[in-house]
Amino acid sequence: MNSIIKTESEIEKMRISGKLAAEVLEMIEKHIQPNINTEQINDICHNYITNKQHAKSACLGYKGFPKSICISVNDVVCHGIPNKNQILKEGDIVNVDITIVKNGYHGDVSKMFHVGKTSILSQRLCKVAQESLYKSLFIIKPKIRLNKIGEIIQKNVEKNNFSIVREYCGHGIGLNFHEEPHVLHYKNQENNIILKKGMIFTIEPMINAGNSQVKCLNDGWTVKTKDHSLSAQYEHTVLVTKYGCDILTWQKNEKICKSLVNK
Ligand code: MF3
Ligand code: CO
Ligand code: CO
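Just so we're clear, the structure is a prediction, and the values are computed from it rather than from any experiment.

Trainee: Even after reading the chapter, I still don't get the overall build of the protein chain, so can you show me in this structure?
Mentor: In terms of regular secondary structure, the protein chain is built from four helices and 16 strands. Its C-alpha atoms give the protein chain a radius of gyration of 17 Å, within 12% of the compact-globule value 18 Å for 263 residues. Over its C-alpha atoms, taken along the principal directions, the protein chain stretches across nearly 45 × 45 × 35 Å. By residue count, 56% of the 263 residues in the protein chain fall in the buried class. Taking all contacts inside the protein chain whose residues are at least 6 apart in sequence as the whole, residues at least 24 apart take part in 67%. Element-wise, carbon and sulfur atoms account for 53% of the exposed surface of the protein chain, whose accessible area totals about 11800 Å². In the protein chain, which carries 35 positive and 26 negative side-chain charges, the distance between the mean positions of the two groups comes to 5 Å.

Following this line, the structure appears as structure tokens:
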């Protein structure tokens with residue numbers, strides 16, 4: 001059965017998949033420069049995933065998604081489709097979201113990149129998105145309720161006068177890209193399940209500089225802020241451990257421990 005508690009052998013495979021997804025972000029960093037177009041970024045990642053990692057993109061063809069990764073620039077909240085006409089320029093903020101499959105198991109991660117020098121607002125927005133994700137990681141351990149995560153994220157985002165997107169949430173992950181449970185990023189009573197060792201899910205708050213409303217474009221994928229304000233997102237895939245959590249998609253340049261003990 002496909003349980004929300006993973007077995008040891010599944011966890012081993014999820015560690016591999018998480019690491020591969022993280023390594024794609026580490027690899028792509030140096031390419032995020034003015035004048036590159038987002039299709040070129042997609043192609044570099046696609047070739048790396050396919051030829052170097054001998055893995056597969058989980059996004060390509062997922063519900064008809066046409067590319068291998070999502071790239072969301074400035075007021076794009078998520079699910080931006082790489083496109084050769086979209087050329088990065090100094091001052092842009094860019095979310096790159098990578099989901100790979102290896103040995104049947106998924107790893108899902110995203111982060112923000114700054115193109116050259118960005119505004120103080122952009123820097124603050126990205127910092128608060130990352131810090132909100134991190135704050136939620138610091139409370140994860142067995143026996144806490146899942147909805148604590150959303151509560152802590154929302155509190156931090158609103159304290160900084162930004163808003164939290166409601167339409168998209170984190171998710172269980174494993175053999176499937178999106179599994180139970182739904183991990184909401186705001187205060188809610190819906191998913192009050194109790195965390196247990198061996199659960200694996202993503203946390204991926206999207207936060208806006210303006211209000212929380214979003215709209216999906218006619219391409220059926222690209223989600224933008226309604227008020228055209230900037231949006232930022234960070235995502236990790238995490239495993240609940242005996243005393244805390246392991247960040248399966250941890251990257252080398254992160255200033256947070258890969259294994260968190262939250263006793
Ligand atoms: N990676 C996204 C997530 O975090 C989902 C992207 S679906 C796609 O859940 F089809 F747009 F790739
Ligand atoms: Co995800
Ligand atoms: Co993702």
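What follows picks up the thread again.
Trainee: Help me out: how do you make sense of the coordination of the cobalt ion (ligand 3) in this one?
Mentor: Octahedral metal centres with six donors ideally show angles of 90 or 180 degrees, and tetrahedral centres with four donors ideally show 109.5 degrees. Protein-derived coordination of the cobalt ion (ligand 3) comes from Asp97 (OD), Asp97 (OD), Asp108 (OD) and Glu235 (OE), at a distance range of 2.1 to 2.4 Å. Taken together, the six donor atoms coordinating the cobalt ion (ligand 3) span angles of 57 to 164° at the metal, a pattern that classifies the geometry as irregular. In primary sequence terms, the donor set of the cobalt ion (ligand 3) follows D-x10-D-x126-E. Separating the cobalt ion (ligand 3) and the cobalt ion (ligand 2) is a distance of 3.4 Å, and Asp108 donates to both of them. With a gap of eleven residues between them, Asp97 in strand β4 (residues 93-102) and Asp108 in strand β5 (residues 105-114) connect regions that are remote in the sequence. By relative accessible area, which is 11% here, Asp97 ends up buried.

Trainee: Looking at this structure, how should I read the sheet that holds strand β12 (residues 223-225)?
Mentor: What links the strands of a sheet is backbone hydrogen bonding, and the strands pair in either a parallel or an antiparallel sense. Reading across the sheet, the three strands line up as β3-β12-β11 and stay open at both edges, with antiparallel pairing between neighbours. The sheet is open, and its two edges are formed by β3 (76-78) and β11 (214-216), each paired on a single side. Direction aside, neighbouring strands of the sheet carry axes that sit 40° apart on average. Inspection of the sheet shows β3 paired to β12 by two bridges, in the antiparallel sense. Across the sheet, the residue bridging to Cys78 is Val223, located in β12.

Trainee: Sorry if this is basic, but what is going on with the state of the cysteines here?
Mentor: Note on terminology: a disulfide is the covalent bond linking the sulfur atoms of two cysteines. In this structure the tally under the stated criterion is zero disulfides. The structure places no disulfide on Cys169, whose sulfur is separated from the nearest cysteine sulfur, that of Cys78, by 11 Å. Relative accessible area serves as the criterion here: at 24%, Cys169 is assigned to the partly exposed category.

Trainee: Is there a simple way to explain the coordination of the cobalt ion (ligand 2) in this structure?
Mentor: Protein coordination of the cobalt ion (ligand 2) is provided by Asp108 (OD), His171 (NE2), Glu204 (OE) and Glu235 (OE), with donor distances spanning 2.0 to 2.2 Å. Of note is the cobalt ion (ligand 2), whose six donor atoms meet at the metal with angles of 51 to 161° in an arrangement that counts as irregular.

Trainee: Quick question: what am I supposed to make of the UniProt feature "domain: Peptidase M24" (unreviewed entry) in the protein chain here?
Mentor: As recorded in UniProt, the feature "domain: Peptidase M24" (unreviewed entry) lies at residues 12-242. Taken as a whole, residues 12-242 contains 27% helix and 26% strand, while its terminal C-alpha atoms sit 16 Å from one another.

Trainee: In this structure, what is going on with the UniProt feature "binding site: a divalent metal cation 1" (unreviewed entry) in the protein chain? I would like to understand it.
Mentor: Using the residue numbers shown here, the UniProt feature "binding site: a divalent metal cation 1" (unreviewed entry) corresponds to Asp97, Asp108 and Glu235. Annotated residues spanning 139 residues; largest pairwise C-alpha distance 8.0 Å, indicating a single compact cluster. With residues near it in sequence (within four places) discarded, Asp97 still touches Ile69, Cys70, Asp108, Val109, Ser110, Gln233 and Glu235. Side-chain polar atoms of Asp108 contact the side chain of His171, separated by 3.0 Å.

Trainee: It is not clear to me how helix α4 (residues 147-159) should be interpreted in this structure. Could you clarify?
Mentor: Residues lying three or four places apart along an α-helix face the same way, a consequence of the helix completing one turn every 3.6 residues. Its 13 residues give α4 an end-to-end C-alpha distance of 18 Å, which sits within 8% of 18 Å, the value for a rise of 1.5 Å per residue. Of all the residues in α4, the buried ones are Asn147, Ile149, Gly150, Ile153, Gln154, Asn156 and Val157. The inward-facing, buried residues of α4 abut α3 (120-137), β6 (163-164), β8 (179-183), β9 (200-203) and β10 (206-208). Looking one or two residues past α4, Asn161 carries a phi angle of roughly 65°, positive in sign.

Calculation rules
Residues numbered from 1 in each chain as written. Chains lettered and ligands numbered in written order. Predicted model: local features only at pLDDT ≥ 70, side-chain atom pairs only at ≥ 80, totals over all residues. Heavy atoms only, no water. Helix = DSSP H or I, 4+ residues; strand = E, 2+ residues; numbered from the N terminus. Rg over C-alpha atoms; globule rule 2.2 N^0.38 Å. Buried < 20%, exposed > 50% of the residue type's maximum accessible area, 1.4 Å probe, protein only. Contact = heavy atoms within 4.5 Å. Areas by Shrake-Rupley, 256 points an atom, 1.4 Å probe, with all protein chains shown as cover. Lys, Arg positive; Asp, Glu negative; His and termini not counted. Charge placed at Lys NZ, Arg CZ, Asp CG, Glu CD. Donors = N, O, S within 2.8 Å, 3.2 Å for Na, K, Ca; no water. Tetrahedral: all angles 85-135°; square planar, octahedral: opposite > 155°, others 65-115°. Pairing = 2+ DSSP bridges. Axes fitted to C-alpha atoms, helices over the stretch in contact; angles between N-to-C directions. Disulfide = S-S within 2.5 Å. UniProt positions renumbered as here; feature names shortened; annotations may be inferred. Polar contact = N/O pair within 3.5 Å; in protein donor to acceptor, adjacent residues only side chain to side chain. Expected span 1.5 Å × (residues − 1).

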